[in-house]
Amino acid sequence: MAASVCVVLFVLSATFCSALQRQSLTGEWTLEGPGLEAPLSVTVPGGIFSNLMDRDVLDNVFFGSGDADSVWVGEGDWTYNLTFTVVEELLAHRVVSLVFEGLDTFATILINGNEVGTSENMFVRYTYNIKDQLQVGENELSVQFTSAVTRAAELAEDPNNPYVIPPECPDPSYNGICHANRVRKMQASFSWDWGPAFASTGIWKDVYLEGFDNAVIDYVVATPVKDADSDTWTVFITTYLDGGEPGPIAGTITTTLDLGDDSESVSMYVEPTPNQDFEVSIGLSLNITGDRVELWWPNGYGAQPLYNLTVGFVGETEEDEKTVRVGFRTIEVVQDELEQGLSFYFKVNDHPIFAKGSNEIPVNILPEKGLDQASIKFLMQSARDVHMNMLRVWGGGVYESDYFYDLADEYGLIIWQDFMFACAMYPADDAFLSNVGGEVRHQLKRLGSHPSIALWSGNNENEGALRDNWYGTSDNFDAFKQDYIKLYVDLIQSEVAQILPNVNFVTSSPSNGLETDQEDHVAQWPGNPLYGDVHFYDYQSDSWNVGTFPIPRFSSEYGYQSMPCIESWYTATESLDDLRPDSDFLNARQHHPDGNQQNVDLINLQLQLPDSSHENYVKAFVYFSQILQAQAIKTQTEHYRSFKGRLTDDGHGNTMGALYWQLNDVWVAPTWSGIDFTGRWKMLHYQAREFFNPMLITGRLTNDDVLEIYAILDALEVPDFTIKALMHIYVWDSLEPLVAIEYPVTLDPLTAVLVTTVDAPTALASVGCGDNYEEAKKNCFFHFHLLDENNNHLVPFNHLFPEKLRNVALPSANVQIESVTATDEEGYEFDVVVTTDVVALFVWLDSHRIIGTFSANGFLHVLPSRTVQFTANEATTVEALTAELTVTHLRDPAYL
């Protein structure tokens, strides 16, 4: 810093050098609105639903019919007020900005009764220069929110609209609110097929004052790019300076990359050139040789080293500083020509990656609660711990918090990031595009440095919705297509290219990738499995049969519903009868059209629910629904993984991604989630730990009853020891296999390896399973292992049922919890020993009120004894856990 520049921590008088000052305005505010007789003390950041619940003005909206009972909240206009003090030193600055990191959504902002600005988008940062409205001493800040429900209807019903933008309203089963596509807020806050309608309002992120004389750093975007011809990286750094008002900005920018043992820096002086904008962008770069950094890898492929990059701006009288973390990796989406179609896969550091993961919906349907770091960390750890390496942040929710993406960087979770447009047509008038433009620029600059973000997608399913006429657009197709291109190509894609020129982008998901671009951005068949990514759902066909599923390049959505655990339901209702598929309560919670009946039908196709009059029918329905979901998604995921790196004769396959729908929940309801709203893992999430295991053995039956066994490895290199596959054939009433057959295995990290093919009827007949195949496949099943040369198990056991279980006379198993033992002194870790006398299916351990996770659950029990580890979320005792712990299985007498 030059000797003539004065930088101090506090202003000593109005006549000499001053430091940049930030004053938080979070904390206690007052709220005014419908039904409040007097101003109510509330907390900011906050939102109207959470604020009213916290002060007991509103009952728990997640209980009972709370969503329907609280509709009036979202329809109301609400005002947040704050009295705050401004000292002379702050007001002495040239600029004093009021900064809102998030306003949901339509607000008018007043300082001391004077309007200083408005808002219309919950996804942007709003900054207002309020110096002229402030006074030394007490000041009044008022944020007057207009209902987004009301504003959406006004925008939709404007007589100047050239045509209707569909869908105007969601399906009636959603119990939702109309015209979500008219407003730039979380689309799911007006309801979705997995969530309630809570039309949120509030100051949902931080708010503060910022006083400065020169400029502040708004954003730093740092992107390492590897030189194609050498082991050298160039880190491109763009710093965005905010001067508070149009005018010249001058000073020195210094960028320092901390490399641990040393660092690399670069500086430049910013000349005071004329500037008509509030913001100035400054570009710098650093050259780093590859031997000075370690590569960042996805989860399961290596470590995730991160390096601090700090940018400082020194102006005439003050300085500002901002630090981001960078990871050194290359990520490209490879779309090479094949004999038919194009490939579609992610290559990280020149290594093809099979993407394994799920779709993330908002952490909470109330946006301010979605910022809770404990909730975010739990979800991200849960994803990492079951071998996921990718999450898709779905386009009907929110751009998640900085903490979410920080953890994705740390855990090696690649992010497929949608822009927030989903399942609708959208306006493309100048006002809407201008609004969206600010959103896009803010989010790209805010998130652009994260090494975890691998791809940006323009929207969720809107290309398919337009082409396939979901919403009656065919009569005006050309106009809607023109709007589509204006929004996602001309605006969003061009902004992406300008701000993040090295990032991967697709206009929609699903799309045909480059083929969609060639077809003028709206393909004839946006879900063509020979290109891009696909979304696939089928609730009528056999969900445990691989023949039901497509063979795509990349599956970015697929799934089945299940019910949350009984203990979770007790946070939403007091009556088990409410959980019957035909109850009014469950029909209100089920937002997928005909979803409850579909779930019953899918279960009964594979298993057999007890009669609805059975005393444990509800418990069976909950448990069986989780079996159905877990086994269906296991079957589908292993189907996709078995086509890694290989093609069928007609060109399908080379499948390189499986992201099931969905990771998490926003309320207790029948949904597609693997983790329910209370944080309990469903059977699906436990099964994901096995079907996403980096090394996998799986079997599949072809239409002509040939058993194909595949071995799959997701790693950078093959293990340096001998591996063999072991196939057992079991009869249901014995823990001793009828036969054990070994096969040599040569793993390949780039392709699924066919271990062997077995004629299933011959194999079963040869070990005495039955006189004919129809009988034999009811009496026996296949069981698979991968072993090293010392017969150590390398992967979780796997299985294949040749017959639907509803047709099998399963024996009654005596499954018991033999013992519970603490394995640490703090009361978090325990061993649970489970025993059985015959094969037991989908053995389910439940710790009820002691929430935690098991090392395995919902498993096939083929050994006399199995030890499972339990990790409690909060410290407990052996006695308390033993009292809570229960076990069930498919042939539990309670369901017979």
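This text goes with the structure placed above it.
Counting restarts for each chain: residues are numbered from 1 in the order of the written sequence. For a predicted model such as this one, the threshold for reporting local features is a pLDDT of at least 70, and the threshold for listing and counting side-chain atom pairs is 80 or more; totals across whole chains, interfaces and linings nevertheless cover every residue. The basis for every side-chain value is the complete set of non-hydrogen atoms in the structure, without hydrogens or water.

Peer 1: Is there a simple way to explain the packing of helix 15 (residues 617-641) against helix 16 (residues 683-691) in this structure?
Peer 2: Packed helix pairs are characterised by how far apart their axes lie and by the angle those axes make with each other. Angles here are taken between N-to-C directions and fall from 0 to 180 degrees, while the axes themselves are lines fitted to C-alpha atoms, restricted in helices to the stretch in contact. Counting from the N terminus, the helices are DSSP H or I runs at least four residues long and the strands are E runs at least two residues long. In the contact formed by helix 15 and helix 16, the axes pass within 8 Å of each other and the chain directions differ by 25°. In terms of orientation, helix 15 lies roughly parallel with respect to helix 16. The way helix 15 lies across helix 16 gives a crossing that is right-handed. Contact residues: Tyr623, Gln626, Ile627, Gln629, Ala630, Ile633, Lys634, Thr637, Glu638 and Arg641 in helix 15; Met683, Leu684, Gln687 and Phe691 in helix 16. Roughly parallel means an angle under 35 degrees; roughly antiparallel means over 145; roughly perpendicular covers 65 to 115; every other angle is labelled oblique. With the far helix as reference, a near helix turned anticlockwise by less than a right angle produces a left-handed crossing, and one turned clockwise produces a right-handed crossing. Working rule for contacts: check all heavy atoms of both residues, and any pair within 4.5 Å makes them a contact.

Peer 1: So what exactly am I meant to see when it comes to a negative patch on the surface here?
Peer 2: Patch membership requires over 30% relative accessible area and the absence of a salt bridge. Like charges are linked within 9 Å, and nonpolar side chains (Val, Leu, Ile, Met, Phe, Trp, Tyr) within 5 Å. Per-residue and other accessible areas follow the Shrake-Rupley method at a 1.4 Å probe size, with only the shown protein chains counted as cover for residues. Basic side-chain nitrogens of Lys or Arg form a salt bridge, by our definition, when they fall within 4 Å of a carboxyl oxygen of Asp or Glu. By the counting rule applied here, Lys and Arg register as positive and Asp and Glu as negative, while His and the ends of each chain are not counted. To locate a charge, the coordinates of NZ of Lys, CZ of Arg, CG of Asp or CD of Glu are taken. A surface patch of negative charge is lined by Asp54, Asp56, Asp59 and Asp69. Relative to the elements of secondary structure, Asp54 occurs in helix 1 (residues 48-54).

Peer 1: So what exactly am I meant to see when it comes to the pairing of strand 24 (residues 390-393) here?
Peer 2: As a general feature of sheets, a regular strand has side chains that alternate between the two faces. Exposure is judged per residue with a 1.4 Å probe applied to protein chains only, and the accessible area is read against the type maximum: over 50% gives exposed, under 20% gives buried, and values in between give partly exposed. The alternating pattern of strand 24 places Met390 and Arg392 on one face and Leu391 and Val393 on the opposite face, and all of these are buried. What makes two strands pair is DSSP finding at least two bridges between them. With four bridges joining them, strand 23 (residues 355-360) and strand 24 adopt parallel strand pairing. Counted as the bridge partner of Ser358 is Leu391 from strand 24. The path from the first strand over the helix to the second decides the hand: if it runs clockwise while the strands point away from the viewer, the crossover is right-handed. Note that the unit made of strand 23, helix 6 (residues 373-385) and strand 24 has a crossover that is right-handed. Where strand 24 lies against strand 25 (residues 414-418), four bridges are found, and the strand directions are parallel. In the strand pairing of strand 25, Arg392 is matched with Trp416.

Peer 1: Teacher, can you tell me more about the side chain of Asn459 here?
Peer 2: Relative to the elements of secondary structure, Asn459 occurs in the loop between strand 26 (453-457) and helix 9 (462-467). When its relative accessible area of 0% is taken as the criterion, Asn459 is described as buried. Residues adjacent in sequence count toward polar contacts only when both atoms are side-chain atoms; beyond that, a polar contact is any pair of N or O atoms within 3.5 Å, and within protein one must be able to donate a hydrogen and the other to accept it. In this structure the side chain of Asn459 is engaged in a polar contact, spanning 2.9 Å, whose partner is the backbone nitrogen of Asn462. The residues touching Asn459, leaving out its near neighbours within four places in the chain, are Asp418, Phe419, Phe421, Tyr484, Tyr488, Thr507, Ser508 and Ser509.

Peer 1: Can you help me understand the sheet that holds strand 19 (residues 319-326) in this one?
Peer 2: The strands making up a sheet associate through hydrogen bonds between their backbones, and the pairing can be parallel or antiparallel. Here four strands make up an open sheet; going across it, the order is 16-15-18-19 and the pairing antiparallel. Here the strands that pair on one side only, and so sit at the sheet edges, are strand 16 (263-270) and strand 19. Recorded for the sheet is a direction-independent mean angle of 15° between the axes of neighbouring strands. With six bridges connecting them, strand 15 (residues 251-258) and strand 18 (residues 307-314) associate as antiparallel partners. Bridging from a neighbouring strand, Thr252 pairs with Val314 of strand 18.

Peer 1: Explain the nonpolar core to me, please; I cannot follow it from the model alone.
Peer 2: In globular proteins that are soluble, nonpolar side chains generally tend to be buried together. Formed by 193 residues in total, the largest nonpolar core has its most connected members in Trp29, Leu98, Phe100, Leu141 and Val143. The greatest single-element share of this core, amounting to 13 residues, is contributed by helix 15. Setting aside anything within four residues of it in sequence, one finds Leu98 in contact with Leu25, Ile109, Ile111, Tyr126, Thr127, Tyr128, Ile130, Leu141, Val207, Tyr208 and Leu209. Counting 29 residues, the second-largest nonpolar core is a separate cluster that includes Ala715, Phe784, Leu786 and Leu800. Residues enter a nonpolar core if they are buried and are Ala, Val, Leu, Ile, Met, Phe, Trp, Tyr or Cys, with the set joined through side-chain atoms within 4.5 Å.

Peer 1: Would you take a moment to explain the sheet that holds strand 7 (residues 114-120) for this structure?
Peer 2: Pairing is antiparallel across the open sheet formed by six strands, whose spatial order is 3-2-4-9-6-7. Single-partner strands in this sheet number two, and they are strand 3 (40-44) and strand 7. The sheet shows a mean angle of 30° between the axes of neighbouring strands, taken without regard to direction. Note that strand 6 (residues 106-111) and strand 7 share six bridges and pair antiparallel. The partner of Ala107 across the bridge, within strand 7, is Ser119.

Peer 1: How should empty space enclosed by the protein be read in this particular structure?
Peer 2: To find leftover empty space, one rolls a probe the size of a water molecule over the atoms. Think of a 1 Å grid over just the protein atoms. A cavity is a set of points where a 1.4 Å probe fits yet cannot get out, a pocket is an open set with protein on both sides within 12 Å along at least five of seven lines, and lining residues have an atom within 4 Å of a point. Grid points are joined across faces, edges and corners, and a volume is the space filled by probe spheres set on the points. In the structure shown here, the tally under the stated rule is six cavities of 30 Å³ or more. There is about 110 Å³ of room inside the largest cavity. Looking at the largest cavity, it is lined by 14 residues, and the ones nearest its centre are Arg680, Trp681, Asp846, Ser847 and Gly852. Broken down by secondary-structure element, the contributors of at least two residues to the lining of the largest cavity are strand 40 (840-846) and strand 41 (852-854). In terms of residue count, the dominant contributor to the lining of the largest cavity is strand 40 (three residues). Considering only residue class, the lining of the largest cavity consists of eight nonpolar, four polar and two charged. Roughly 70 Å³ of volume is contained in the second largest cavity. In terms of lining residues, the second largest cavity is bounded by Ala424, Met425, Tyr426, Asn462, Phe480, Asp483, Tyr484, Leu487 and Tyr488. Sorting elements by how many residues they give to the lining of the second largest cavity places helix 10 (residues 477-499) first, with five residues. Per-class residue counts for the lining of the second largest cavity are seven nonpolar, one polar and one charged. Throughout, the ten residues Ala, Val, Leu, Ile, Met, Phe, Trp, Tyr, Cys and Pro are labelled nonpolar, Asp, Glu, Lys and Arg are labelled charged, and all others, Gly among them, are labelled polar.

Peer 1: It is not clear to me how the packing of aromatic side chains should be interpreted in this structure. Could you clarify?
Peer 2: By convention here, two paired aromatic rings are described through the distance between centres and the angle between planes. Whether two aromatic rings pair depends on their centres lying within 6.5 Å, for rings of Phe, Tyr and Trp, where Trp uses its six-membered ring; planes under 30 degrees apart make the pair stacked, over 60 edge-to-face, and the rest tilted. Evaluated as defined, the whole model comprises 50 aromatic pairs. Aromatic side chains Tyr163 and Phe480 sit 5.2 Å apart centroid to centroid with 70° between the ring planes, which places their arrangement in the edge-to-face category. On the criterion of sequence distance, the pair formed by Tyr163 in the loop between helix 5 (148-156) and strand 10 (190-192) and Phe480 in helix 10 is long-range, its members being 317 residues apart. You can call Phe480 buried: its relative accessible area is 6%. A ring has a charge above it when a Lys NZ or an Arg CZ is no more than 6 Å from the ring centre and no more than 35 degrees off the ring normal. Lying across the ring of Phe421, Arg184 places its NZ or CZ 4.0 Å from the centre. A cation over an aromatic ring shows up here: Arg646 above the ring of Phe643, its NZ or CZ 4.0 Å from the ring centre.

Peer 1: Where do I start with the pattern of salt bridges in this structure?
Peer 2: A side chain with one charge may pair with a side chain of the opposite charge, provided their charged atoms come close. Evaluation of the coordinates by the stated rule reveals 30 salt bridges. Asp577 is paired through a salt bridge with Arg580; the nearest N and O atoms lie 3.6 Å apart. The class for Arg580 is partly exposed, based on a relative accessible area of 22%. Of the charged contacts, one joins Glu708 and Arg700 as a salt bridge, the two residues approaching to 3.8 Å between their closest N and O atoms. Judged on exposure class, the residue Glu708 and its partner Arg700 are both buried. Each of Lys356, Arg641, Lys644 and Asp714 takes part in a single network of salt bridges with overlapping partners.

Peer 1: Even after reading the chapter, I still don't get the packing of helix 8 (residues 430-447) against helix 10, so can you show me in this structure?
Peer 2: The N-to-C vectors of helix 8 and helix 10 enclose an angle of 30°; their axes lie 10 Å apart at closest approach. Here helix 8 is positioned roughly parallel relative to helix 10, judged by the angle of their axes. Considering how the two elements wind past one another, helix 8 and helix 10 form a crossing that is right-handed. The residues of helix 10 that touch helix 8, namely those facing Phe432, Leu433, Val436, Gly437, Val440, Arg441, Leu444 and Lys445, are Lys486, Leu487, Leu491, Ile492, Glu495, Val496 and Ile499. Here the residues of the contact of helix 8 with helix 10 sort into ten nonpolar, one polar and four charged.

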